[in-house]
Amino acid sequence: MIVLRPVLRSTARHLGVSQVRFWELMGSKRKTRLPLSVQRWCSSETSGLSSDHLCSGTVEYQYLKKYFVRRLKATYHRFHSIPDYSVVCGCHHVYFIKDDGIYRIDKRDGILEPEQVVNLEHVSRGGGKTRAENDERFQWTIQRIRLSPQEKHLAATLKSSHKEELRCVVVRLGERSIPLLPPHNILLELESVFSFEWATDDVLFYTTLEGLRSSSVFRLHLASDGSSKITSVYEETHPDVFVEVALSRDRQILTINCNSRTSSEVMLIDVTKSCSEPLVIQPRQLDLLYYVEHWKGFLIILVNTGPAQEYQVMQAPVSEPSMASWVTLFAPSPDTAIKDMDVVGDYLLLVANTPAGKLTLNVMSLSNLKETHIIQLPSWACAIETKKPGVADQQGVLEFLLSSPVHPPVPYSLDPGKGLLLSDAGNQTYLESQDKYITTRLEACSQDGTLVPVTVFHAVPVEDLGQVPLLVHVYGAYGRDLNMEFCPVKRFLLEQGWALAYCHIRGGGERGLSWHRRGRVEGKPRGVEDLQACLHNLFSLGVSSPSRAALTACSAGAVPVAALCNRNPNKMRAVTLQAPFLDVLGTMEKPNLPLTLEDREEWGDPVGNLNHRHIIASYCPLHNITPQHYPSMLLTAYSGDPRVPLEGVLKYAKFIKKAIHAHFSMKPNAGCKSAPKIVLNVQPGVNHLGPEDFVQRLEEEAFRLSFLYTELGLDLPLPRRKRKR
């Protein structure tokens with residue numbers, strides 16, 4: 001299935017869904033060794049309070065952290081067996097991931113004893129790596145697995161906890177009767193690989209990621225004598241264009257997708273021809289975004305040429321792929337946003353967001369365009385994850401998982417000609433429990449009259465939410481939706497009586513491409529107005545109150561949160577920000593930083609455009625700090641984060657502490673209020689997405705909960721009681 005990326009997935013300042021599902025790591029029995037380099041640096045300062053109070057506050061956090069580590073570990077354990085799509089089906093074997101590598105089971109002879117095909121310890125020791133890397137050999141996590149068409153080779157990308165770049169291992173697969181002696185079955189290791197696909201059993205196409213830029217496409221050919229040859233296929237010259245390769249669902253064409261924030265250019269390679277050269281489908285054109293699938297000699301094209309420059313579906317013959325040959329197949333109804341597209345058998349499948357904010361599946365027969373219908377998904381469904389079909393999977397069936405932040409994934413399979421069915425009756429228990437918690441969809445009226453969607457999860461009716469703690473989530477950048485996949489921590493909070501709100505402000509993609517356009521560059525202040533309107537609407541409806549509300553955001557989502565703290569700090573009691581982007585003006589003034597040039601389409605150019613500079617300066621969190629009573633803040637940053645410079649986070653923490661101190665100095669009577677705490681938690685490492693290691697991530701989450709419970713003045717949650725027999 002195509003994943004729509006109006007923004008560049010690997011370069012945007014965001015936390016994406018590529019993070020490891022940490023409940024999958026619960027089965028690991030290995031003790032993780034933490035070198036000194038990963039110890040935390042955590043400072044807690046509170047303006048207007050004594051140093052003794054500072055020490056006791058920090059000790060209190062640490063005590064609570066131990067408590068929440070135990071509670072969260074138990075929560076993750078409850079959901080450790082939920083379904084996922086990490087299993088890959090080959091022609092003869094089933095491949096799966098364990099804590100120390102990749103294993104497979106032979107489907108033909110009924111032998112159930114797993115056979116290891118990739119050993120992470122051997123990967124880390126190979127290739128003359130440094131002693132420090134060898135000491136961290138248990139920090140590898142497997143990101144993706146790809147099998148060649150006839151299961152002759154396997155390729156997999158691995159990520160280290162202290163590196164942005166991925167390493168790709170290529171393995172020659174043998175039979176069990178032919179002994180595999182690791183690491184000799186590993187043919188080679190490719191550094192800094194981002195995307196990769198097998199064209200044939202012996203040809204692998206891949207792109208590399210260097211300095212947060214993916215601009216090069218290579219072709220790896222594996223000869224029968226064990227030798228290999230790497231040749232350059234394509235080199236992108238524009239600095240704001242991100243390149244990746246993808247394989248069509250029917251495995252007939254390979255596409256080279258070259259996307260910037262505002263334009264696309266796609267090239268295709270016919271994998272059925274041995275020496276096929278890349279063919280440009282439609283040359284790059286400003287404000288033209290398109291993505292391609294294949295069906296029986298035709299290209300199925302998702303392109304933003306619909307009404308209001310939203311996505312619609314068009315078709316063209318492979319022999320005449322340019323825009324002049326494109327014919328419209330499907331245009332969505334007004335206010336319905338297409339989120340994803342796939343071609344399954346002879347059917348076109350579209351995932352869409354309705355005006356009411358619900359997910360639907362639109363099904364259209366490609367052989368009979370009059371045969372169309374809409375499949376309504378469960379009302380609680382907020383996220384859909386489709387399975388990339390393996391070489392042995394049914395090509396005419398779509399398998400997918402539905403979830404929400406508090407609803408565990410439920411597997412479904414769709415035969416387009418028959419309808420929607422549960423794919424695994426064993427997960428009926430999960431399905432029956434999904435209605436236990438309430439999903440409420442609201443709309444808040446922003447300052448300019450725009451209605452902003454809000455999704456609220458709660459355990460009791462709305463009218464009974466007046467005294468509950470509220471955790472508000474927001475992002476609003478790069479045209480990306482808020483992450484609404486299942487998270488055990490969110491489920492834990494809901495079980496403890498919290499309400500969770502997700503504010504889909506402008507700048508995100510929840511309501512289509514226009515929703516993003518209206519919230520970028522000159523429209524950035526609208527995101528702050530939207531967030532304020534969402535909070536006002538929630539409190540007006542009786543959902544919690546400012547004294548019991550906390551805001552949380554990651555990366556670029558920190559901009560509207562911190563900007564609102566400057567404008568109206570009384571709207572919330574506490575704030576937690578992870579890898580926060582806080583110095584928009586200072587960062588965008590430096591063209592030598594990794595993301596500045598491509599991010600001008602999102603934030604503007606304060607150097608070359610005076611109007612952009614004034615707009616950024618009007619909302620930039622760092623440059624609008626003023627002496628006042630701010631909410632308590634937990635700022636979690638990573639010292640080597642290449643996307644969000646640590647300098648901006650440190651400067652922000654320093655300035656806001658100074659402003660709070662000035663406020664208490666100017667207004668001695670303000671001392672009757674408890675002074676806010678500004679907690680700066682800086683962790684070594686370069687991973688913008690946070691720790692890969694389960695234990696470290698658990699401790700980070702536990703510390704965040706300790707902060708929230710302390711600053712909101714909440715009692716500790718009681719453990720779940722066991723029923724007496």
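Residues numbered from 1 in each chain as written. Predicted model: local features only at pLDDT ≥ 70, side-chain atom pairs only at ≥ 80, totals over all residues. Heavy atoms only, no water.

1. Let's talk about the overall build of the protein
Selection criterion: Only DSSP runs of H or I reaching four residues or more are called helices, and only runs of E reaching two or more are called strands; each is numbered from the N terminus. We call a residue buried when its accessible area falls under 20% of the maximum for its residue type, exposed when it is over 50%, and partly exposed in between, using a 1.4 Å probe and counting protein chains only. Here a residue-residue contact requires only that any non-hydrogen atoms of the pair lie within 4.5 Å. Where accessible areas are quoted, they stem from the Shrake-Rupley method and a 1.4 Å probe; at the residue level, only the protein chains shown are allowed to cover.
Summing up its helical and strand segments, the protein has 13 helices and 38 strands in all. The 725 residues of the protein split such that 58% are buried. For the protein, restricting intrachain contacts to residue pairs at least 6 apart in sequence, the fraction spanning at least 24 positions comes to 61%. Carbon and sulfur atoms provide 52% of the accessible area of the protein, an area that totals close to 29,600 Å².

2. Side note on the pattern of salt bridges
Where we set the bar: Salt bridges are defined as contacts in which a side-chain nitrogen from Lys or Arg sits within 4 Å of a carboxyl oxygen from Asp or Glu.
This model, assessed by the stated rule, comprises 24 salt bridges. Across the salt bridge formed by arginine 104 and glutamate 115, the nearest N and O atoms sit 3.0 Å from each other. In this pair, arginine 104 is assigned in strand S5 (residues 101–106) and glutamate 115 in strand S6 (residues 115–119), connecting sequence segments 11 residues apart. Judged by its relative accessible area of 1%, arginine 104 is buried.

3. Concerning the side chain of serine 214
Tracing the chain through its elements places serine 214 in strand S13 (residues 213–222). Once you skip the residues sitting within four places of it in the chain, serine 214 turns out to touch Phe194, Thr207, Thr208, Leu209, Val241, Phe242 and Val243.

4. Observations concerning helix H12 (residues 646–666)
Operational definition: A helix's residues, less one, multiplied by 1.5 Å, set its expected span. The arc refers to the directions leading from the helix axis to the C-beta atoms.
The end-to-end C-alpha separation of H12 is 30 Å, in line with the 30 Å expected for 21 residues at 1.5 Å each. Listing the buried residues of H12 in full gives Leu646, Gly648, Val649, Tyr652, Ala653, Ile656, Lys657, Ala659, Ile660, His663 and Phe664. Taken around the axis of H12, the buried residues stretch over an arc of 160 degrees, which confines them to a single face. Set apart from the buried face of H12 by more than 90 degrees, the exposed residues are Lys654, Lys658 and Met666.

5. Focus: the sheet that holds strand S8 (residues 153–159)
As a reminder, the rule being used: Strand pairing follows a simple DSSP-based rule, namely that at least 2 bridges must link the two strands. Where helices are involved, their axes are fitted lines through C-alpha atoms of the stretch in contact, as for all axes, and angles between N-to-C directions lie from 0 to 180°.
Strand order across the open sheet formed by 4 strands is S7-S8-S9-S10, with antiparallel pairing between neighbours. A strand with exactly one partner marks an edge of an open sheet, and here the two such strands are strand S7 (141–147) and strand S10 (186–191). On average, each strand axis in the sheet is tilted by 20 degrees relative to the strand beside it, whichever way the strands run. Relative to strand S9 (residues 166–172), S8 runs antiparallel, the two sharing 7 bridges. Pairing of alanine 156 across the sheet is with valine 169, part of S9.

6. Remarks on the environment of phenylalanine 298
With respect to the helices and strands, phenylalanine 298 occurs in strand S20 (residues 298–303). Given a relative accessible area of 31%, phenylalanine 298 falls into the partly exposed group. For phenylalanine 298 and valine 318, which are 20 residues apart along the polypeptide, the C-alpha to C-alpha distance reads 5.2 Å. Apart from residues lying up to four places away in sequence, phenylalanine 298 is in contact with Glu293, Gln315, Ala316, Pro317 and Val318.

7. Some details on the environment of tyrosine 347
Operational definition: We define a polar contact as two N or O atoms separated by no more than 3.5 Å, with the added condition that, inside protein, one atom must be a possible hydrogen donor and the other a possible acceptor, whereas residues neighbouring each other in sequence contribute only through side-chain atom pairs.
Locating tyrosine 347 in the fold gives a position in strand S24 (residues 347–353). Setting aside anything within four residues of it in sequence, one finds tyrosine 347 in contact with Asp342, Val363, Met364, Ser365, Leu366, Glu371, Pro416 and Gly417. Side chain to side chain, tyrosine 347 and glutamate 371 meet in a polar contact 2.9 Å long.

8. A few points about the confidence of the model for the protein
Applied cut-off: What pLDDT conveys is the predictor's confidence in a given residue, as a value from 0 to 100.
Here the protein averages 85 in pLDDT, while 83% of its residues score no lower than 70. Under a pLDDT of 50 for its full length, residues 15–42 has, in the predicted model, 72 contacts with residues more than four places off or in other chains. Taken together, the stretch residues 180–184 has pLDDT below 50 and engages in 5 contacts with residues farther than four places along the chain or on a different chain.

9. Things to note about unusual backbone geometry
Of note in the backbone geometry, glutamine 309 takes a positive phi value of approximately 55 degrees without being a glycine. Residue position: glutamine 309 is located in the loop between S20 and strand S21 (312–317). What makes glutamine 309 partly exposed here is its relative accessible area of 36%. Backbone geometry at valine 521 places phi at a positive 50 degrees, although glycine is not the residue there. Residue placement: valine 521 occurs in the loop between helix H6 (513–517) and helix H7 (524–540). Judged by its relative accessible area of 7%, valine 521 falls in the buried class.

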